[in-house]
There are 4 protein chains.
Amino acid sequence: MRVWTVPQAAGIDSLVLQEQATPRPGPSQVLVRMRAASLNYRDLMVVGGRYARGAPLPDLVPLSDGAGEVAETGPGVTRVKPGDRVAGIFMQTWIGGDIEPEHAASSLGGAIHGVLAEYVVFSQDGLVHLPEHLSFEEGATLPCAGVTAWNALYGGRPLVVGQTVLVLGTGGVSIFALQLAHAAGARVIATSSSDGKLAQAKTLGATDGVNYRDHPEWHVQVLTLTGGRGVDHVVEIGGAGTLPQSMRAARNGGHISLIGVLAGFQAELNTAAIMGNQIRLIGITVGSREQQQEMIRAIDANGLKPVIDRSFPLENLADAFRYQESGAHFGKICVEID
Amino acid sequence: MRVWTVPQAAGIDSLVLQEQATPRPGPSQVLVRMRAASLNYRDLMVVGGRYARGAPLPDLVPLSDGAGEVAETGPGVTRVKPGDRVAGIFMQTWIGGDIEPEHAASSLGGAIHGVLAEYVVFSQDGLVHLPEHLSFEEGATLPCAGVTAWNALYGGRPLVVGQTVLVLGTGGVSIFALQLAHAAGARVIATSSSDGKLAQAKTLGATDGVNYRDHPEWHVQVLTLTGGRGVDHVVEIGGAGTLPQSMRAARNGGHISLIGVLAGFQAELNTAAIMGNQIRLIGITVGSREQQQEMIRAIDANGLKPVIDRSFPLENLADAFRYQESGAHFGKICVEID
Amino acid sequence: MRVWTVPQAAGIDSLVLQEQATPRPGPSQVLVRMRAASLNYRDLMVVGGRYARGAPLPDLVPLSDGAGEVAETGPGVTRVKPGDRVAGIFMQTWIGGDIEPEHAASSLGGAIHGVLAEYVVFSQDGLVHLPEHLSFEEGATLPCAGVTAWNALYGGRPLVVGQTVLVLGTGGVSIFALQLAHAAGARVIATSSSDGKLAQAKTLGATDGVNYRDHPEWHVQVLTLTGGRGVDHVVEIGGAGTLPQSMRAARNGGHISLIGVLAGFQAELNTAAIMGNQIRLIGITVGSREQQQEMIRAIDANGLKPVIDRSFPLENLADAFRYQESGAHFGKICVEID
Amino acid sequence: MRVWTVPQAAGIDSLVLQEQATPRPGPSQVLVRMRAASLNYRDLMVVGGRYARGAPLPDLVPLSDGAGEVAETGPGVTRVKPGDRVAGIFMQTWIGGDIEPEHAASSLGGAIHGVLAEYVVFSQDGLVHLPEHLSFEEGATLPCAGVTAWNALYGGRPLVVGQTVLVLGTGGVSIFALQLAHAAGARVIATSSSDGKLAQAKTLGATDGVNYRDHPEWHVQVLTLTGGRGVDHVVEIGGAGTLPQSMRAARNGGHISLIGVLAGFQAELNTAAIMGNQIRLIGITVGSREQQQEMIRAIDANGLKPVIDRSFPLENLADAFRYQESGAHFGKICVEID
């Protein structure tokens, strides 16, 4: 079978497409014929050697997010059967409940080999079924970006119908959060530097958009849109550069899910503002299988379709990564594996 | 001013429309010019002397649910101003948090005088603002039926987008629960003995309907509709007569909000079924001001309109109660106060 | 190795002590040298053919609760190492989060083979470490009775310091609940038909005891002891026969964990009482590995010791079961495996 | 009656002890004969003109925390009766549930007049009963420092028996948190620059103490004391200067309640650390009446006694504030009002 590997973590050009023997499933294991994968910002960091979670595996197989068909099941497998359409879960041992350090040691395409191969062996506990109305490519977008958005909305104080959610930018997590929050009967305010992307966000359910290039003090617009009250939830993807404004855009007692690092790592935080506004700031790292299943039920019940910007053939992985680097996309970038 | 009273609690014909002096607001009090009220099943019990919460006040003013305009504010009032459109809250002292026995001693139209008068004095803490898109009649349906539905869905384990909700029948609470759950991105299954009412329920967002006359073992249909999994939430309005089937229709770990007593008070419960299915059974009695405000935000954000079957002039209160007794209505019955 | 089996589920005398080949651990599996086991009421039901979860395995190995030492680890095992002192978890696949039907299919000594053998192979995910201050026998009491008590106190609305807990009787779950609630700074009221057992309960931390033989209307005593308020939590072990009084002993908004069936399966429940008192009634079936770990931290931090009434040698299993049937015990009954 | 006022907010020496007419209670109001008050750091900020919540009332009566006896009740008062021993609540309108901006406008000794007078009129809703075993001085310490500690432990993810709590320093909130967490069966680690204060903390239930003068990198000690796991809860009183280390001392998924500003307002936060460690950072501002009542039940059930360092006669308020400024105290500083 063909498989991509990261022999050196020296950037996109150092990726290697290899031929390897197709693995076989052991007890409680499942062999999946992968059909699609999707890219996350973290994958770019892994490939570039900037993902600091200890030394990577030799010849690491990259990418955490993939979907395919069950090809063969090992002894004792009861959760899936050959032919089932499945996706992996980001941390293979985080089944449900609170996160534990041991879970992080099982993250695909980082701590352990990932999914960018024609065949991958999973523990049966590390898989979920795909909703029927999703293609393999759509299903491949769920494990990291989708579950992160779900955890942002439901992992702390859960989103309730009628609340207002602020999503920053139009990256993968933000668009999932927008779609899920809209389906959940929330008002959604999106920010972007592009009026075109804000218009796209509105077609997906955003109630309002704020162009932060036109309004550098964008939290003022958000407060105005909420009648001065502020938003209930912020899906904070920017990190250090945006957090101070996010805290001012949140209501008294508001909830901020901190996910991203795009705008830097070091934030100058006013702790008096956190107290005075009774902010709840929660750090998010993807989520559990239970959360992935809950999200899939939400996607299923509301007929949601993940937004895919563009797909690339398996051979053209480097092009996919370069397109991701360009930042021109709206929604997810996928890789087809046939 | 004109005011209805219950001098004897001897049934609908014993109600008396009186002339009384218009009251004035004291410190922290608000005089409201009532514009509409709505009926709940509990009001029929009060009027009929079947509402066993101790001896009623002499000449009790009936009805818990009403809306109107602020006519005058007493000293120290900061939460509303003259001209504001407001509704009362069911228990005047249940502001937020958990229920306490002292709250029940402040329920309108039962423990204390109700709202069926041209002018009513409230504590400023016992009022909430109406959403702009609702009429006074629509606003008058919220305090009891609307808040009960909200508490049923959010007061125990909160409803999450993508879950499935079963609502029994098409009474006031059930229809609110249907509308709120639909707005929250849930699947909603409704039951009724009338195909016509089920059709109406579907226009309000019910995904499926089950006619329990055609299917006396209706829990089987519910299980089938959920692929054998069972529903996440039951809004259990029937009481003893329906609870055993509700428990079988619920999923492993499912949540049942027990609200109503229409089908009797004494249930023969199989405790092994509660354990084996890990049921969460929660008794509900309306809710707090905080819950009413959260519900109003949900109504506002989703443009929901309470379903009103019919309105009666103030003079025709007896006709309104008789219509309620007939059970022919779908949605709320209102009283206009001009 | 020696192993007990249940060839026929025809009662205590039908149990057979066999010699079988010692198993070996496969990938992600762990071989444990069992050192102790403990009995639960459910085991008596399994042995007597009264545990209705479908046809049992042929020659089922009984008992869910056991502790021992890791003898050997299979490939890929990271969670334990040889020599570690461990106990199993009741449902081998319920790691954390909400219960799912698939978890019940992995319960030891019921759905799958249990622990009453000299060597048992577990999935590495189905084990937890023992606290250092516990013997193997003490550790063997945790998986079913201990975790059930924990789930009763923390699986619904979590117990908070200063609340009052009512535990019914002095069986295994009730005593664990008493000890844990006392360590958590709660007031604990215990009931029993024996003044001697009530005295023992007080030495373990019960604030008060009520003899239900002397006070058949024991809920009156409980209300008096709480100044009329009622208790916050009931650990309801009796089932149908005690539930009506438990509901009257609970406070407005009180929480009842329904665990046991000792006093019968069919309860005549007054649904108006559930509503009027806003009761939260939760069915409990043991708990997850995450809950077991949380409980172990509580045991560890507070130096709690499980209460063991008596231990029997492996050969004398029938005597152990007969002693359990007698009801004379206070605390757990154990089996030594050397 | 005698009453202290803050005519100018120009520091301790600008406080004035006046004679004013004793007020009378109106409808739903209660006149309390104050017997004791206690100081909080915020009072020093108010007196010094550093409490930036808009222009203070003219001749503001300072101090939020006081206790006394009900002297007289106005019409309609049902919650207390003459002779009852009571304390005020910090925000007079925050009864229960989530915080709302309107609550902050009712905080005693800041937004509205405080308690440092021989007689104070409260709304009946703004009072709670004192536990019998507490003196007026002890009761006077609860409204701000006690409730803040409670909210820190229970207002976000609630503390559970067996968890580990880190309290920074030995100020009023930290000592309450220590006592409550100890009563709740938690392990408590305290920090201080004084070995003497650490020894005192241990007599109150602290399991371990870390001298941050000896160990400037004190989070290393905390990690060692928790076997590398980190603590479940941090009661973060220091603010900007200590938060970075608190985040490193917290476990994966740990909870930090941000309360104080003693070590500065501007924190340089590493947002990657918040995400990578899944930190939950919650800003706390005192709490609701419901929380105060829950805390009082915890104090009552466990016989806790607030720690009072020293009391001053009413006349010597300036001395009390100067003693507070010195930082030499361990526990609360009180004012006697006779």
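The structure we're discussing is the one just above.
Reading guide: rules and limits
Residues numbered from 1 in each chain as written. Chains lettered and ligands numbered in written order. Predicted model: local features only at pLDDT ≥ 70, side-chain atom pairs only at ≥ 80, totals over all residues. Heavy atoms only, no water. Pairing = 2+ DSSP bridges. Helix = DSSP H or I, 4+ residues; strand = E, 2+ residues; numbered from the N terminus. Axes fitted to C-alpha atoms, helices over the stretch in contact; angles between N-to-C directions. Contact = heavy atoms within 4.5 Å. Buried area = accessible area lost by both parts, 1.4 Å probe. Salt bridge = Lys/Arg side-chain N within 4 Å of Asp/Glu carboxyl O. Polar contact = N/O pair within 3.5 Å; in protein donor to acceptor, adjacent residues only side chain to side chain. Buried < 20%, exposed > 50% of the residue type's maximum accessible area, 1.4 Å probe, protein only. Lys, Arg positive; Asp, Glu negative; His and termini not counted. Right-handed = clockwise from strand over helix to strand, strands pointing away. Arc of directions from axis to C-beta. Expected span 1.5 Å × (residues − 1). Phe/Tyr/Trp six-rings, centres within 6.5 Å; stacked < 30°, edge-to-face > 60°. Lys NZ or Arg CZ within 6 Å of the ring centre and 35° of its normal. Nonpolar A, V, L, I, M, F, W, Y, C, P; charged D, E, K, R; others polar.

Caption draft 1: Layout of the sheet that holds strand 10 (residues 208-211) of chain A. Taken in spatial order, the 12 strands make up an open sheet running 10(A)-9(A)-8(A)-11(A)-12(A)-14(A)-14(D)-12(D)-11(D)-8(D)-9(D)-10(D), and their pairing is mixed. At either end of the open sheet lies a strand with only one pairing partner, and these are strand 10 of chain A together with strand 10 (208-211) of chain D. Strand after strand, the sheet turns through a mean of 15 degrees between neighbouring axes, direction not considered. Of the strand pairs in this sheet, strand 8 (residues 164-168) of chain A and strand 11 (residues 231-236) of chain A are connected by 3 bridges, and their pairing is parallel. Bridging across to strand 11 of chain A, Leu-166 of chain A finds its partner in Val-234 of chain A. Taken strand by strand, helix 4 (residues 142-154) of chain A contacts strand 8, strand 11 and strand 12 (250-258) of chain A, and its axis lies near 150 degrees from that of strand 11 of chain A. Of the strands in this sheet, strand 8 (164-168), strand 9 (187-192) and strand 11 (231-236) of chain D touch helix 5 (residues 172-183) of chain D, which is tilted by about 165 degrees from strand 8 of chain D.

Caption draft 2: Structural detail: the interface of chain C and chain B. The partner chain B presents 39 residues to the 39 residues of chain C that form the contact. Both faces combined, the contact of chain C with chain B buries some 3100 Å², and carbon together with sulfur accounts for 48% of it. Linking chain C with chain B are 6 salt bridges, by the criterion used here. Arg-251 of chain C is the salt-bridge partner of Asp-98 of chain B, the closest N and O atoms lying 3.4 Å from each other. Taken together, the links from chain C to chain B amount to 13 residue pairs in polar contact (both at pLDDT 80 or more).

Caption draft 3: Local environment of the side chain of Asp-65 of chain C. All names here are of chain C. Tracing the backbone shows Asp-65 in strand 4 (residues 65-73). Summary of buried charges: Asp-65 has no salt-bridge partner, and the nearest side chain of opposite charge, Lys-332, is 5.0 Å away. Side chain to side chain, Asp-65 and Asn-40 meet in a polar contact 3.0 Å long. Within polar-contact distance, the side chain of Asp-65 engages the side chain of Ser-64 at 2.7 Å. If sequence neighbours within four positions are ignored, Asp-65 has contacts with Ala-36, Ala-37, Ser-38, Asn-40, Phe-90, Val-115, Ala-140, Thr-141, Pro-143, Cys-144 and Ala-145.

Caption draft 4: Structural view of the pairing of strand 16 (residues 332-336) of chain D. Residues and elements named next belong to chain D. In terms of burial, strand 16 is a largely internal element, 4 of the 5 residues being buried. Relative to strand 16, strand 3 (residues 29-38) runs antiparallel, the two sharing 3 bridges. Bridge pairing links Ala-36 to Glu-336 in strand 16. Strand direction decides the pairing type here: strand 15 (residues 308-313) and strand 16, joined by 5 bridges, are parallel. Of the residues in strand 16, the one forming a bridge with Phe-312 is Val-335. Where the polypeptide runs from strand 15 across helix 11 (residues 317-326) and back to strand 16, its parallel neighbour, the crossover connection is right-handed.

Caption draft 5: Spotlight on the sheet that holds strand 14 (residues 280-283) of chain C. The strand order 10(B)-9(B)-8(B)-11(B)-12(B)-14(B)-14(C)-12(C)-11(C)-8(C)-9(C)-10(C) describes an open sheet built from 12 strands, whose pairing is mixed. Every other strand in the sheet has two partners, leaving strand 10 (208-211) of chain B together with strand 10 (208-211) of chain C as the edge strands with one partner each. Neighbour-to-neighbour, the strand axes of this sheet turn through a mean angle of 15 degrees, independent of strand direction. Sitting on the sheet, helix 5 (residues 172-183) of chain C is in contact with strand 8 (164-168), strand 9 (187-192) and strand 11 (231-236) of chain C, with an inclination near 165 degrees to strand 8 of chain C.

Caption draft 6: How the structure looks around helix 7 (residues 218-225) of chain A. All names here are of chain A. Every buried residue belonging to helix 7 is among Trp-218, His-219 and Val-222, and all of these are buried. Along helix 7, the residues classed as buried sweep out an arc of 100 degrees about the axis, all on the same side. Structurally, helix 7 contributes buried residues whose contacts are with strand 8, strand 9 (187-192), strand 10, strand 11 and helix 8 (243-249). Looking one or two residues past helix 7, Gly-227 carries a phi angle of roughly 60 degrees, positive in sign.

Caption draft 7: Structural context of helix 10 (residues 289-301) of chain C. Over its 13 residues, helix 10 of chain C extends 18 Å from the first C-alpha to the last, a length consistent with the 18 Å expected when each residue adds 1.5 Å. Three or more residues of helix 10 of chain C are buried, namely Arg-289, Glu-290, Gln-291, Gln-292, Met-295, Ile-296, Ala-298 and Ile-299 of chain C. In this fold, the buried residues of helix 10 of chain C make contact with helix 2 (101-104) of chain A together with strand 5 (85-88), strand 7 (127-129), helix 4 (142-154) and helix 5 of chain C. Following helix 10 of chain C by one or two positions, Gly-303 of chain C adopts a phi angle in the positive range, close to 60 degrees.

Caption draft 8: Examining the packing of aromatic side chains more closely. Enumeration according to the criterion identifies 8 aromatic pairs over all chains in this entry. Taking the ring centre of Phe-136 of chain C as reference, the NZ or CZ of Arg-85 of chain C above it sits at 4.9 Å.

Caption draft 9: Just the interface of chain B and chain A, in detail. Taken together, the 15 residues of chain B in the interface contact 15 residues of chain A. Interface area lost by chain B to chain A is led by Val-161, Arg-187 and Arg-297 of chain B, which between them contribute 34%. Taken together, the links from chain B to chain A amount to 0 salt bridges. Linking chain B to chain A there are 4 residue pairs in polar contact (both at pLDDT 80 or more). Those elements that provide at least two residues to the side of chain B that touches chain A are helix 4 (142-154) and helix 10 (289-301) of chain B. Residue composition of the side of chain B that touches chain A, grouped by class: 8 nonpolar, 3 polar and 4 charged.

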